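# Summary of the model geometry
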Amino acid sequence: MAAPVETRDLYLEEYRRRAPDLPGAGLPWLRRTREDAIERLASRGFPTTREEAWRFTDSGPASRAPFAPPPPRSGAASAAGAGPAHPGAHLTFLDGRPAPDLSALPAAPGASVATLREALDRSPAPLEPVLGRLVPAAEHPFAALNTSLFEDGALVHVQKGVVLADPVHLVFLSWRAAEPFRTLPRIVLLLEEGAAATVVVSYTGPAGGAMLTSAVTEVALGEGASLRLVKVQRESVEGFHLDATAARVARGAAFSSHVVTLGAALSRTDLTVALAGAGAECGLSGLYELRGRQHADHHTTIVHEAPQGTSRELYKGVLDGRSRAVFDGRILVRPEAQKTNALQTNKNLLLSPEALVNTKPELQIFANDVKVKHGATIGQLDRDVLFYLRSRGIPEEEARRLLIHAFASEVVDAIPVPWVRETTAAALFTTIGERPDGGRP
Amino acid sequence: MVAPLLEIRDLQASAGERPVLRGLTLSVRAGEVHAIMGPNGSGKSTLAHVLAGREGTKVTGGTALYQGRDLLALAPEDRAREGVFLAFQYPVEIPGVSNVYFLKAALNAIRRHRGEPEMDAADFLVHVRERARLVQMSEALLQRPVNEGFSGGEKKRNEILQMAVLDPRLSILDETDSGLDIDALKVVADGINALRRPDRAMVLITHYQRLLSYVVPDRVHVLADGQLVRSGGKELALELEERGYGFLAGNGSGGAGPGVTGPEVTG
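Residue numbers restart at each chain and count upward from 1, following the sequence in its written direction. Both sets of labels track the order of writing: A upward for chains, 1 upward for ligands. Two thresholds apply to this predicted model, a pLDDT of at least 70 for residue-level local features and 80 or more for giving and counting side-chain atom pairs, whereas whole-chain, interface and lining totals are computed over all residues. Each side-chain value is derived from all of the structure's non-hydrogen atoms; neither hydrogens nor water enter the calculation.

The next thing to look at is the overall build of chain A. Numbering goes from the N terminus for both helices and strands, where a helix is a DSSP run of H or I of at least four residues and a strand is a run of E of at least two. Scanning chain A from terminus to terminus reveals eight helices and 20 strands. Taking 2.2 N^0.38 as the reference for a compact globule, 441 residues should give roughly 22 Å; the C-alpha atoms of chain A span a radius of gyration of 21 Å, in line with that estimate. The principal-axis extent of the C-alpha atoms belonging to chain A is close to 70 × 55 × 50 Å. The buried label applies to any residue whose accessible area, calculated with a 1.4 Å probe on protein chains only, is under 20% of its type's maximum; exposed applies above 50%, and partly exposed to all values in between. Out of the 441 residues in chain A, the part that is buried amounts to 58%. Radius of gyration here is computed from C-alpha atoms only, and the compact-globule reference equals 2.2 Å multiplied by the residue count raised to the power 0.38.

Another point: the nonpolar core. For our purposes a nonpolar core is just a set of buried Ala, Val, Leu, Ile, Met, Phe, Trp, Tyr and Cys residues, chained together by side-chain atoms within 4.5 Å. Ile-8, Leu-24, Ile-94, Leu-170 and Ile-172 of chain B are the most contacted members of the largest nonpolar core, which totals 96 residues. Per-element accounting of this core gives the leading share, seven residues, to helix H3 (residues 99–114) of chain B. Throughout, a residue-residue contact means that at least one pair of heavy atoms, one from each residue, lies within 4.5 Å. Setting aside chain neighbours within four positions, we find Ile-8 of chain B in contact with Leu-24, Thr-25, Leu-26, Leu-47, Leu-51, Thr-63 and Ala-64 of chain B. Counting 48 residues, the second largest nonpolar core, distinct from the first, contains Val-156, Ala-195, Ala-247 and Leu-350 of chain A.

Moving on, we get to the interface of chain B and chain A. Residue-level contacts link 32 residues of chain B with 18 residues of chain A. Here the quantity called buried area is the total loss of accessible area, with a 1.4 Å probe, experienced by two parts when brought into contact, counted for both. Of the roughly 2000 Å² buried at the junction of chain B and chain A (both faces included), carbon and sulfur atoms supply 64%. One side-chain nitrogen of Lys or Arg within 4 Å of one carboxyl oxygen of Asp or Glu is enough to make a salt bridge. On the surface where chain B and chain A come into contact, there are five salt bridges. Taking the shortest distance from any N to any O, the salt bridge between Glu-55 of chain B and Arg-383 of chain A comes out at 2.6 Å. Here a polar contact is recorded for every N or O atom pair within 3.5 Å, except that within protein the pair must consist of a potential hydrogen donor and a potential acceptor, and residues adjacent in sequence are included only if both atoms are side-chain atoms. Between chain B and chain A we count 11 residue pairs in polar contact (both at pLDDT 80 or more) in total. At the level of elements, helix H2 (76–81), strand S6 (84–87), strand S7 (94–98), H3 and helix H6 (152–166) of chain B are the ones that each hand at least two residues to the side of chain B that touches chain A.

Time to look at helix H8 (residues 235–243) of chain B. All names here are of chain B. Those residues of H8 lying buried are Leu-236, Ala-237 and Leu-240. Seen along its axis, H8 keeps its buried residues to an arc of 105°; they face one direction. In H8, the exposed residues that point more than 90 degrees away from the buried face are Glu-235 and Glu-242. Phi turns positive, to about 75°, at Gly-244, one or two residues after H8. In this description, the arc belongs to the directions extending from the helix axis to the C-beta atoms.

Residues and elements named next belong to chain A. Note on definitions: the grid is 1 Å and covers protein atoms alone; a cavity is a set of points where a 1.4 Å probe fits but cannot get out; a pocket is an open set with protein on both sides within 12 Å along at least five of seven lines; lining residues have an atom within 4 Å of a point. Grid points are joined across faces, edges and corners, and a volume is the space filled by probe spheres set on the points. The tally for this structure, following the rule as stated, stands at seven cavities of 30 Å³ or more. Estimates place the volume of the largest cavity at around 110 Å³. Taken together, 13 residues line the largest cavity, and the ones lying closest to its centre are Leu-229, Lys-231, Asp-243, Thr-245 and Val-259. Of all the elements in the fold, those that place two or more residues in the lining of the largest cavity are strand S8 (196–204), strand S10 (226–234), strand S11 (240–249), strand S12 (254–261) and strand S13 (266–275). Top contributing element to the lining of the largest cavity by residue count: S12, with three residues. Residues of the lining of the largest cavity, tallied by class, amount to six nonpolar, five polar and two charged. Secondary structure elements with two or more residues in the lining of the second largest cavity: strand S15 (295–304), strand S17 (324–333) and strand S19 (356–365). At three residues, S17 tops the list of elements feeding residues into the lining of the second largest cavity. Under the grouping applied here, Gly and all other residues not named as nonpolar or charged are polar, the nonpolar ones being Ala, Val, Leu, Ile, Met, Phe, Trp, Tyr, Cys and Pro and the charged ones Asp, Glu, Lys and Arg. When grouped by side-chain class, the residues that make up the lining of the second largest cavity number five nonpolar, two polar and six charged.

What follows covers the sheet that holds strand S5 (residues 69–70) of chain B. All names here are of chain B. Only strands joined by at least two bridges in the DSSP assignment are considered to pair. Here we have four strands laid out as an open sheet, ordered S2-S1-S4-S5, and antiparallel in their pairing. In the strand order of this sheet, the two ends are held by strand S2 (18–28) and S5, each with one partner. As defined by bridge partners, strand S1 (residues 6–15) adjoins strand S4 (residues 57–66) across eight bridges and the pair is classed as antiparallel. Within S4, the position partnered with Ala-15 by the bridge is Thr-57.

Residues and elements named next belong to chain B. On the secondary structure map, Leu-74 appears in the loop between S5 and H2. Residue classification places Leu-74 among the buried positions, given a relative accessible area of 17%. Put simply, Leu-74 and Gly-232 are 158 residues apart on the chain and 31 Å apart in space, counted from C-alpha to C-alpha.

Only a minority of non-glycine residues have a phi that is not negative, and only a minority of peptide bonds are not trans. Its identity is not glycine, yet Ala-264 of chain A carries a phi of approximately 75°, on the positive side. Tracing the backbone through its elements, the reader meets Ala-264 of chain A in the loop between S12 and S13. With a relative accessible area of 1%, Ala-264 of chain A lands in the buried category. For Asp-225 of chain B, which is not a glycine, the phi torsion comes out positive at approximately 55°. Take Asp-225 of chain B: it is sitting in the loop between strand S11 (219–224) and strand S12 (227–232). Judged by relative accessible area, Asp-225 of chain B falls into the exposed class, the value being 53%.

A few words now on the sheet that holds strand S10 (residues 201–206) of chain B. All names here are of chain B. The strand order across the open sheet formed by six strands is S6-S9-S10-S3-S11-S12, and the pairing between neighbours is mixed. What marks the edges here is a single partner per strand, and that holds for S6 and S12. In this sheet, adjacent strand axes meet at a mean angle of 20° when their direction is disregarded. Of the pairings in the sheet, the one linking S6 to strand S9 (residues 170–174) comprises four bridges and is parallel in character. Between N-to-C directions, angles cover 0 to 180 degrees, with each direction set by a line fitted to C-alpha atoms, over the stretch in contact for helices.

Residue and element names in this part refer to chain A. Across its 17 residues, helix H2 (residues 28–44) extends 24 Å between first and last C-alpha, which sits within 8% of the 24 Å expected from 1.5 Å per residue. Among the residues of H2, those classed as buried are Trp-29, Leu-30, Thr-33, Arg-34, Ala-37, Ile-38, Leu-41 and Ala-42. Looking one or two residues past H2, Gly-45 carries a phi angle of roughly 80°, positive in sign. Take the number of residues in a helix, subtract one, and multiply by 1.5 Å to get its expected span.

All right, on to the packing of H6 of chain B against helix H7 (residues 182–194) of chain B then. Residue and element names in this part refer to chain B. The interhelical angle for the contact between H6 and H7, taken along N-to-C directions, is 10°, at an axis separation of 10 Å. Looking at the two axes, H6 sits roughly parallel to H7. Together, Lys-156, Arg-157, Ile-160 and Met-163 of H6 and Val-187, Val-188, Gly-191 and Ile-192 of H7 make up the contact between the two elements. The class makeup of the residues in the contact of H6 with H7 is five nonpolar, one polar and two charged. Working rule for angles: under 35 degrees goes down as roughly parallel, over 145 as roughly antiparallel, 65 to 115 as roughly perpendicular, anything else as oblique.

Now for the confidence of the model for chain B. Residues and elements named next belong to chain B. The predictor rates its confidence in each residue with pLDDT, a number between 0 and 100. For chain B, per-residue confidence averages 89 on the pLDDT scale, and residues scoring 70 or more make up 92% of the total. pLDDT under 50 marks residues 250–267. Its contacts with residues more than four places away, or in other chains, come to 19 contacts. Predicted complex, confidence summary: ipTM 0.91, pTM 0.88.

Okay, the confidence of the model for chain A next. One rule of thumb: low pLDDT means the predicted coordinates there are not for detailed reading. Across chain A, the average pLDDT comes to 91, with 93% of residues at or above 70. Across residues 432–441 of chain A, confidence stays below pLDDT 50; counting only partners more than four residues off in sequence or on other chains, it has 24 contacts.

All names here are of chain A. Of the pockets and cavities examined, the largest pocket occupies roughly 710 Å³. Lining the largest pocket are 31 residues, and of these Glu-139, Asp-270, Thr-272, Thr-301 and Arg-330 sit closest to its centre. The set of elements that each furnish at least two residues to the lining of the largest pocket consists of S11, S13, S15, S17 and S19. If you tally residues by element for the lining of the largest pocket, the top one is S11, at five residues.

Below, the structure written as structure tokens:
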């Protein structure tokens with residue numbers, strides 16, 4: 001495979017050229033982190049399907065050639081994709097660059113929402129133990145690409161005991177361009193002891209253009225902190241989306257993640273949660289709705305490192321056309337993590353005979369006093385239920401839509417932000433419901 | 001003379017590959033309640049499924065006209081919107097869809113078809129609550145997912161509630177009495193009686209006579225081996241109760257012959 005070698009070499013060359021000008025270049029710890037990452041990428045290369053973790057997902061289209069940084073953009077192209085306005089802080093990036101005219105950052109005592117570049121310039125100290133520390137570049141070549149070359153992103157920092165009432169919204173909007181380009185969003189979420197917040201991260205963009213988004217999010221929760229993190233991915237269905245997110249959850253803290261995957265031709269989301277302190281808990285939920293030839297891969301890893309941890313995981317998928325989904329859910333219980341309680345479920349609804357799911361639970365349990373359960377299902381719309389609905393006068397297409405919604409509702413209803421819940425439900429209607437044949441060949 | 005609401009002639013149908021209905025003829029007029037009785041395997045449920053348009057049944061001959069139109073040519077949802085209702089022997093559970101949402105979607109689909117405005121949520125709630133009293137359905141059951149975790153009796157009451165809400169012209173009730181204790185049977189029977197109307201017909205498909213003690217039919221038919229072998233007034237049901245289906249063997253001869261099976265054991 002000659003092509004990936006060339007690609008990584010070109011990224012390496014770009015790094016050598018630009019390193020002195022990247023944000024945080026003056027910080028020795030960040031410089032080292034970036035150097036490590038680009039060296040890992042150069043020596044390891046991009047993944048192939050010969051690797052177990054990438055067996056069902058061929059990332060070749062996203063790594064066969066290097067993606068250039070985004071082209072310069074005039075402000076005129078921007079506003080159309082901004083979407084509805086929401087209460088609370090919102091920080092919008094257009095093609096990876098901050099868009100102040102699409103952002104609003106109301107003052108919130110005890111909390112700061114800032115671009116990562118600003119944070120690295122002004123007060124980098126809180127970032128040092130987290131940035132580049134939680135998502136290991138060694139294991140994820142696209143995370144290594146982000147770490148070595150990221151130019152901006154966001155920091156949400158909530159101080160001890162502070163509870164943020166309104167959700168913080170981070171928007172990464174990739175607009176169409178004549179040439180494919182890449183964005184490398186980098187997000188750090190820091191919640192100190194007893195802090196609480198809700199953060200919505202949207203990756204979005206209009207159809208058209210095979211852009212690459214390679215995002216990394218790192219989350220550090222202090223003791224007793226609580227974070228609800230909602231990620232909505234609605235990028236161009238021709239694009240590539242890779243996301244590595246890692247969270248470290250201290251004693252008594254709670255992390256809940258809600259992932260909604262609707263866009264991109266190829267997407268891969270790696271979510272790793274370490275329950276590092278006693279009594280820490282996490283709830284991970286996901287919904288993927290795929291059509292045409294879309295491919296979405298969700299890898300989750302929950303590491304129970306300490307006693308009395310609880311994890312709940314529910315991912316649901318609706319697949320139409322020739323789409324393909326991969327779910328890989330790993331639960332690792334370390335020897336000291338006694339009294340762990342973990343439950344993992346993955347359910348898939350196939351609307352087309354050509355759709356395909358690979359689902360794989362992976363339990364590695366090294367403690368003896370634990371409750372760990374998992375289950376996976378792959379099914380179709382129940383013919384008897386469809387007939388029942390039709391026999392009451394409900395047209396077949398409406399009946400199908402109703403059942404798809406019913407299937408997804410468990411996950412949609414759990415999304416803690418009303419407008420995300422509503423737009424997600426609406427997306428299910430407009431995408432699946434409006435196709436009489438469900439996109440089947 | 002008014003044309004029949006439902007006119008079935010020489011209907012032949014198979015379930016899967018197996019021929020089940022072998023030339024069934026039946027005429028039902030508006031205002032009438034007909035009972036079709038028969039032993040297991042006689043074709044009762046196949047008849048209900050054919051009339052509702054269920055997959056897995058295949059009409060191989062004969063006709064069924066509803067209001068003078070070819071019923072069998074219509075899609076299931078179109079039959080419903082034209083006023084045909086099937087109460088299921090085994091109502092399905094629909095997790096994630098509330099009973100009240102389901103009823104509203106069904107009623108509005110039918111109203112759109114009739115060219116009537118859709119009912120909004122508030123008006124619909126008033127409407128459905130009033131109908132729910134007919135079958136003693138609680139508010140809690142209205143808000144729960146359709147049939148999920150319902151008892152057998154609650155599921156059958158829910159079928160009658162749907163009939164009450166959707167206001168059909170022709171109702172086919174497939175063994176709505178099976179699996180009910182006496183109290184539930186009375187509730188269901190009261191609901192059915194309350195919905196009898198001069199412009200509405202009902203076909204009660206049943207194995208046992210006991211429902212017919214509460215819902216008195218105008219006509220009783222006996223289905224055996226895919227054909228109606230005998231028809232009569234309500235007293236025929238009592239005769240069947242006393243003598244069992246066995247005496248009817250011999251394709252409508254009406255005489256009891258040696259070696260026929262004994263009375264069906266009720267359970």
